[in-house]
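Coordinates in review
Here is what each chain is made of, one letter per residue.
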Amino acid sequence: MSAYEYDFSQGIKQYKAIIDGGEAEWVPVTAQMAEFCMKYGGYNGKKFFSDPELFVRGNLDAQRELGFDIPDLVWDVYSVEAEALGGDMAWFDELYPALDNTRAIIENEKDLARIKAPDPFKSGRMPWVLEALQICKELTGYTHYIHYCAPINLAAQVMQFEKLIMAMGERPKFVHKLMDFLVEEVLAPYIQAYFKVLPDATVANGKDAVGSLPFITEEILEEFSVPYILKLRELCGGGPGIRCDNWWGDSFAKDPDKFWDTKLVVTPQYLKVQDPDCFRVGTKRIKEYVDKRGCALSFGVGNHLLTQGPPEEIVKRIHEYMEVGSSGPYGKKFYLYLCSLSAQTPTEHVKTAIDAVKRFRAGDRPYAGQVFSGPEGIDAATTGGKGFMGIYAKGINREKYDAEAAARKKIFQEIYESVMVFDNENCPKLVRQALDDGEDAMDILDQGLIPPMGEVGDLFAAGEMFVPEMLLAARAMKAGLEVLRPILTKTHSKPKGVIVTATVFGDLHDIGKNLVGMMLEGAGFKVVDLGVNTKAEEIIQTAKEVNADVIGLSALLTTTMPFMKLIIEQIKQEGMTVPVIVGGAPVSREFADNIGADGYGDNAPEAVALCKKLVAQKDVA
């Protein structure tokens, strides 16, 4: 009988054996599931994420009742440090709270000079985190590790992602100075405070979704990410427990083995590969690598599958991951991870997952020997037109682009190439030269500036170009467009259409929406961007004011997807006929059809093509 109110001792024993370099007797299972636990217990979001005892007990109650092996507490990790630096928070009744990053906290040297380092025992909810971890220790006997927002992800939070990416190229010294401040004055003191309140603690686990491929490139990873994680480790005692284990984007790495080598530098204890990368790369391929390295391994089952199902596919995925992961000479160094169970994840699917684990342990293995993952595998959670961020949706037709280049006027091709190499200084010069040579402004736009953005979109969809490169190409294109804008305005050249874009209420993520907006502008549309956390009333009012041709709605969180349906219903109630398209990482074509959307964009190029089609149909009508 455990001396503690919540007994997870057997699961903790297996998990710690793996993390400490040993072997487990059976495969333990952990999960990120705080938002799910909030919904499961019927708690209000703001109270749940501000009352430390309610937060801990709410998580522990749900995890114990559902049969999880290890207590796991994952709060809104990406917002705590930024909030302590003065960032604004958005609170929701049924969602994680989130940083409202519509206002940059630090943009320049002046901002950095005036900002005060937070006090982990006084600032924002840093004390709330420390108290929650102490309560967990009191209730379970388990020294739960602290989660922190990894350095590059924190930089993106305080500076805004697009601005950070641009500054890396234009002001790298400033970015390095910012990174030093965040590591030395924010993260290290926060982790050290945790070690002070829980003296037996040795692990601090970084979360780094935005610091993953393809949000950043491997070159950015090497210069602005890895060195600062290692610096943080050094400042916090040098132990390997200062780690960062949740990078994704393995399927985008040029050399997976090299990428995994880097992962083991920042998380020496084990290699974690989570869906959709785990399924796309294939469990066998990953297992071959870890067996060569002799390290521990964790496979992560994705939130899309756990939310959408069907149950049979959940069982198949879990049984494959457990069978492959626990095979071979290092099979006892494996644990399973369920990724990001949210308020939208059905309880029955969670029970299915845990039951699948128990059946596997008991020897009930209906899919024994079957491997469904790998490059040729069909992922049930991403079928129906749903790719991974819309990437790998199609290949690029190089012959087509070569033929178009050969037929293009020299000056237009030079403008085209300046966009493709991200030359925002030469692009406007070439546009001015074309005007001086007597070329028509619309021809420069249609033949020089718009076409390269189409290729950029195709390269992104093919996984050959990453988000930072798309941003840089869009910047060059816009620099050229600014030269043409006064002429186009003077001659009353109409845009190809007016598109109103917004991230729906409750969702503060905007990278995908911004990329679509850039691609639309690059295709000649006027984009009216309402930003994030947008209510139906604002979208409808704006659409009427600007006589919108299309409304584009975005969501990154499964919990905010229902607002898309509510917005579409309200638009129809207003008697408006403007078409509405939807997109975002968790959104699928099937979902779009079910909520009555007029279209679904799996990626930025597809969204542009869809807008062209809808505007053309409107013009014909």
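Notes on the structure in this doc start here. Here the residue index of a chain counts from 1 through its sequence in written order. This being a predicted model, a pLDDT of at least 70 is required before a residue's local features are given, and a value of 80 or more before pairs of side-chain atoms are given or counted; all residues contribute to the totals for chains, interfaces and linings. As a rule here, side-chain values come from all non-hydrogen atoms in the structure, and water together with hydrogens is ignored.

**A word on the sheet that holds strand β8 (residues 296-301)**
To keep it simple, the criterion reads: When DSSP locates at least two bridges between a pair of strands, those strands are taken to pair. What counts as a helix is a DSSP run of H or I of at least four residues, what counts as a strand is a run of E of at least two, and both are numbered from the N terminus. To get an axis, a line is fitted to the C-alpha atoms, and for a helix only the part in contact is used. The angle between two axes follows their N-to-C directions and goes from 0 to 180 degrees. In what follows, a contact means two residues having at least one pair of non-hydrogen atoms within 4.5 Å.
With respect to topology, four strands assemble into an open sheet ordered β1-β9-β8-β7, the strand pairing being parallel. Sheet topology places β1 (29-31) and β7 (270-274) at the edges, where each strand pairs with a single neighbour. Averaged over all pairs of adjacent strands, the angle between strand axes in this sheet comes to 25°, irrespective of strand direction. With five bridges connecting them, β8 and strand β9 (residues 334-338) associate as parallel partners. Looking across to β9, one finds that G300 is bridged to Y337. Contacting β7 and β8, helix α14 (residues 283-293) crosses the sheet at an angle of about 160° to β8. Helix-sheet contacts for helix α16 (residues 311-325) involve β8 and β9, and the interaxial angle to β8 is about 175°.

**Structural notes on helix α22 (residues 467-490)**
Quick note on the threshold: In a helix, the anticipated span is given by 1.5 Å times the number of residues less one. Given a residue, its bend is the angle between the two axes fitted to the seven residues that end at it and to the seven that start from it.
Look at α22: 34 Å from first C-alpha to last across 24 residues, which is about the 34 Å you get at 1.5 Å a residue. The sharpest bend along α22 comes to roughly 40°, located at L484, with the proline P486 sitting one to four residues further on.

**Some words on the sheet that holds strand β6 (residues 242-244)**
What the three strands build is an open sheet, ordered β4-β5-β6; its pairing is parallel. Only two strands of the sheet have a single neighbouring strand rather than two, namely β4 (146-149) and β6. Averaged over all neighbouring strand pairs, the angle between strand axes comes to 30°, with direction disregarded. Bridge count for β4 against strand β5 (residues 204-207) is four bridges, and the pairing is parallel. Bridging across to β5, Y148 finds its partner in G206.

**Concerning the packing of aromatic side chains**
Note the cut-off: Two aromatic rings from Phe, Tyr or Trp, using only the six-membered ring of Trp, form a pair when their centres are within 6.5 Å; if the ring planes differ by under 30 degrees the pair is stacked, by over 60 it is edge-to-face, and anything between is tilted. Each residue is placed in one exposure class: buried if its accessible area under a 1.4 Å probe, protein chains only, is under 20% of its type's maximum, exposed if it is over 50%, and partly exposed if it falls in between.
Summed over all chains, the structure comprises 20 aromatic pairs. Between F49 and Y96, the ring centres sit 5.1 Å apart and the planes meet at 40°, which makes this aromatic pair tilted. Residue F49 is found in the loop between α3 (45-48) and α4 (52-66), and its partner Y96 is found in the loop between β2 (89-90) and β3 (98-99); the two are separated by 47 residues along the sequence. As far as the burial class goes, F49 and Y96 line up, both buried. With a centroid separation of 6.0 Å and an interplanar angle of 85°, the aromatic rings of F252 and F466 are classed as edge-to-face. Of this pair, F252 sits in the loop between β6 and α12 (256-266) while F466 sits in the loop between α21 (441-461) and α22; the two residues are 214 residues apart in sequence, bridging distant segments of the chain.

**Observations concerning the nonpolar core**
This is how the line gets drawn: Take the buried Ala, Val, Leu, Ile, Met, Phe, Trp, Tyr and Cys residues and link them wherever side-chain atoms come within 4.5 Å; each set so joined is a nonpolar core.
By size, the foremost hydrophobic cluster in this structure holds 195 residues, and its most contacted members are F55, W75, Y148, V158, L336 and L449. Take this core: its biggest share by element is 15 residues, from helix α10 (residues 172-197). In this view, V158 contacts A82, L85, A104, I105, I106, L178 and L182; residues no more than four positions away in its chain are not counted. By size, the runner-up hydrophobic cluster in this structure holds 29 residues, among which are V504, L530, I568 and M576.

**Notes on unusual backbone geometry**
What you tend to see is this: most non-glycine residues have negative phi, and most peptide bonds are trans. Of note, the bond from L213 into P214 is cis; its omega dihedral lies within 30 degrees of zero at 0°. Here P214 is to be found in the loop between β5 and α11 (218-235). Here the bond from D275 into P276 is cis, since omega is 5°, no more than 30 degrees from zero. Locating P276 in the fold gives a position in the loop between β7 and α13 (277-281). Phi at S340 takes a positive value of approximately 50°, unusual for a residue other than glycine. Taking the relative accessible area as the measure of exposure, S340 reaches 31% and is therefore partly exposed. The phi angle at N533 is positive, at roughly 55°, despite the residue not being glycine. Exposure remark for N533: the relative accessible area of 25% places this residue in the partly exposed category.

**Quick word on the environment of L164**
In this fold, L164 is placed in helix α9 (residues 161-170). For L164, a relative accessible area of 2% translates into the label buried. C-alpha separation for the pair L164 and E107, spaced 57 residues apart in sequence, amounts to 8.5 Å. In this structure L164 touches I152, A155, A156, M159 and V175, once residues within four positions along its chain are discounted.

**As for the packing of helix α7 (residues 126-140) against α10**
Convention followed: Oblique is the label for every angle not falling under 35 degrees (roughly parallel), over 145 degrees (roughly antiparallel), or within 65 to 115 degrees (roughly perpendicular). Should the near helix be turned counterclockwise from the far one by less than a right angle, the crossing is left-handed, whereas a clockwise turn marks it as right-handed. Ten residue types, Ala, Val, Leu, Ile, Met, Phe, Trp, Tyr, Cys and Pro, are classed as nonpolar, four, Asp, Glu, Lys and Arg, as charged, and the remainder, Gly among them, as polar.
For the pair α7 and α10, interaxial distance at closest approach is 10 Å and the crossing angle is 30°. The angle between the axes of α7 and α10 places the two elements in the roughly parallel class. Two packed elements cross with a definite hand, and for α7 against α10 that hand is right-handed. Seen from α7, the contacting residues are M126, V129, L130, L133 and Q134; seen from α10, they are V186, Y190, A193, Y194 and V197. Each residue belonging to the contact of α7 with α10 can be placed in one class, and the counts come to nine nonpolar, one polar and no charged.

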